[in-house]
Every structure is written in structure tokens, then in C-alpha cells.
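One letter stands for each residue in the lines below.
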Amino acid sequence: MKLKPAEARRITADWAALFPDFTVWKPLRLLRRIGPVLQGITLARSTSGEQYCPTAHVHALTRDFPVVSLSLAHYLHQPAVAREAVDVGRHAETYRAVAGRMEERSPLPLRRRPDIAEIVQAYRAAAVAAQRGRRIPVGIPELEDMVLVPAAAGERPLAEECLDRTRQIADKWSKYEAPMGWTDTQEWLAHLEERAGDPAGLAATVEEQVVQHGLAKVRRRRPRDPHGSGTSAGASSRASTPSPPSACSRRR
């Protein structure tokens, strides 16, 4: 069976019923927003149109990017596994079990909303896994996101801690290598520090990305106010797991 528009809408509705805190952004795309981050479930259509592949992921709105990316895709969470496909013709019998396995693999919770510290820890774990046994600049998007996301969310101490952690990682790279698009690692670090120190500029980028991608309808929870004003009225009614004291430096 081919994944035609009517079938795509029905499949999307089934997944939305399983994860009701997510908004149907587009057919086969579910999203919710936690401050400057999108958390999503994407039901990627196969080339043949006879299958779709569910992916739990995040996307940082702190960078100018043409699409909503699939960062921290659940099937890449260590140990990485092959992405699971669902036959369109067997969707009704199999999607709940596939969703359960996806949820187990996801580095972030899907039934409740993760907080910024949990998201930062997931970025850090992915960056560290990419670096393992290598002395070259890899995992750069995750390193940047783990600094800029807390900076944009107003969690300056966490952003500074993650910037320090990024410097420690970069110190181990070969002096002959630099992140893609840069000729010098120190210039990249200075640029990252400059961006992290400009929360107003990051907030402007986030809002530009919201408009660019048509995200106004996506359910949103504001980050916790570091001065204690709490979350917005749209916050999940379920209690969040307490934030770890050192999300960026905590080892898994």
C-alpha cells in the first residue's frame, strides 16, 4: 500500500493520539516547543512510499537553518541501531509497538516535556560519543547547541559551564584541524562565546526561525525563569524530573 495523502493524515492522527502533548505541524510531522528547542516525532516517508520511519528528534532554533532538522535522532543514541520502518499496509497492527521501542531508545522523554538541562545533557552525550577515540573536530552542531540553547533560554551559568566543557574538548583536537568552515579552532570558540553572550541576538534568531518555519501553532512551554517566576500557562501538568546540578559536565 502506498502512503497517499489521506493515509498520511490518518497515520499522523494515530501518532498524535499516542503523544497528545505534540502538535501536528504538518502531515507526518509532530512538534512541541521547549523554549529555543523543538522536540519532534517525524514519520519519514520511504522512497517507495510503502513504508515510513518514525524518528524522535530535536531541533535548536538558535541557528539560521532552512529546515527542521533531525538532531539527536533516537536510533543514533548509543548503541546506535538501524532505523525501524513501518509498512503502511500494517500500520494499525504495528505502530504502537514501534512507538514503544522508539520511546525506549529516545535520549529524551516523550511522555513529559524535558527541561533545558536534560536537553543539554543529551547534546553533550552525543558530542562526547562522536569524539570518542578521535582527535578531530566532530560533533560540532551538538557542541554549539549545548552552549547556545541554555544561553537563549536564560540559563547563563549552564551555558558558561558548557562553553568551558567545549573548550576542554577542543583542546584535544589536532592543531592542524578546525571545525568545518573555520580555519582556526580558537576563532570558532571566540565566535561561540560571543553568540552565547548575546541572549537578545539569540532570541531574535529564535523568533525569526519560528516565523520562517511557520511554528506559531506549535505547543510551547517557556523555560523555567531562573529568578523563580515558573513556567507559562502552557506548561505540561506533569512534574518534570529535577534538573541535574551539572548537566553539561555530568558523565553518563
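Basis of the calculations
Residues numbered from 1 in each chain as written. Predicted model: local features only at pLDDT ≥ 70, side-chain atom pairs only at ≥ 80, totals over all residues. Heavy atoms only, no water. Axes fitted to C-alpha atoms, helices over the stretch in contact; angles between N-to-C directions. Helix = DSSP H or I, 4+ residues; strand = E, 2+ residues; numbered from the N terminus. Parallel < 35°, antiparallel > 145°, perpendicular 65-115°, else oblique. Contact = heavy atoms within 4.5 Å. Core = buried A, V, L, I, M, F, W, Y, C linked by side-chain atoms within 4.5 Å. Buried < 20%, exposed > 50% of the residue type's maximum accessible area, 1.4 Å probe, protein only. Expected span 1.5 Å × (residues − 1). Polar contact = N/O pair within 3.5 Å; in protein donor to acceptor, adjacent residues only side chain to side chain. Salt bridge = Lys/Arg side-chain N within 4 Å of Asp/Glu carboxyl O. Phe/Tyr/Trp six-rings, centres within 6.5 Å; stacked < 30°, edge-to-face > 60°. Lys NZ or Arg CZ within 6 Å of the ring centre and 35° of its normal.

Trainee: Would you mind going over the packing of helix H5 (residues 156-170) against helix H6 (residues 185-196) in detail, with residue names and values included?
Mentor: Running from N to C, H5 and H6 cross one another at 175°; their axes reach a closest spacing of 11 Å. In terms of orientation, H5 lies roughly antiparallel with respect to H6. Residues Leu163, Thr166, Arg167 and Ala170 of H5 touch H6, and the partners they reach there are Thr185, Trp188, Leu189, Leu192 and Glu193.

Trainee: An account of unusual backbone geometry is needed here, citing residue identities and associated values.
Mentor: With a phi close to 70°, Leu28 is a non-glycine residue in the positive phi region. We note that Leu72 has phi near 55°; this positive angle belongs to a residue other than glycine. As for its placement among the helices and strands, Leu72 is situated in the loop between strand S4 (51-60) and strand S5 (86-87).

Trainee: Before we move on, could you go through the nonpolar core and cite the residues and values that matter?
Mentor: In terms of nonpolar packing, the biggest core is built from 34 residues, with Tyr123, Leu143, Met146 and Val147 touching the most fellow members. Every residue in contact with Leu143, bar those within four places of it in the chain, is listed here: Ala127, Gln131, Val138, Thr166, Ile169, Trp173 and Trp188. If you look at the next biggest cluster of nonpolar residues, it comprises 21 residues, including Leu28, Ile41, Val86 and Val98.

Trainee: Account for helix H3 (residues 116-131), with residues named and values stated.
Mentor: Counted at 1.5 Å a residue, the expected span for H3 with its 16 residues is 22 Å, and the 23 Å between its end C-alpha atoms agrees. With a side-chain oxygen lying 3.2 Å from the backbone nitrogen of Ala117, the N-terminal cap of H3 falls on Asp115.

Trainee: How would you explain helix H4 (residues 140-152) if you had to name every residue and give the values?
Mentor: Between its first and last C-alpha atoms H4 spans 18 Å; for 13 residues at 1.5 Å apiece the expected length is 18 Å, and the two agree. With respect to burial, H4 is a largely interior element, 10 of its 13 residues being buried. Along H4, the positions that sit buried rather than exposed are Ile140, Leu143, Glu144, Asp145, Met146, Val147, Leu148, Val149, Pro150 and Ala151. Taken together, the buried residues of H4 touch strand S3 (37-45), S4, H3, H5, H6 and helix H7 (199-213). Looking one or two places after H4, you find Gly154, whose phi comes out positive at around 85°.

Trainee: An account of the pattern of salt bridges is requested, with residue identities and associated values reported.
Mentor: Counted according to the given criterion, the structure contains 14 salt bridges. A salt bridge links Arg167 to Asp164; the nearest nitrogen and oxygen atoms lie 2.7 Å apart. With Arg167 and Asp164 both in helix H5 and three residues apart, the pair spans about one turn of that helix. Close ionic contact of Glu193 with Arg167 constitutes a salt bridge, the shortest N to O distance being 3.3 Å.

Trainee: Can you break down the packing of aromatic side chains residue by residue, with the values?
Mentor: In the structure shown here, the tally under the stated rule is five aromatic pairs. With 6.4 Å between their ring centres and 20° between their planes, Trp15 and Phe19 make a pair best called stacked. By relative accessible area, which is 0% here, Trp15 ends up buried. Residue Phe19 is classed as buried on the basis of its relative accessible area of 1%. An aromatic cluster of at least three residues, connected via ring pairs, comprises Trp15, Phe19, Phe22, Tyr52 and Tyr95. The lysine or arginine in question, Lys26, covers the ring of Trp25, its NZ or CZ lying 4.3 Å from the ring centre.

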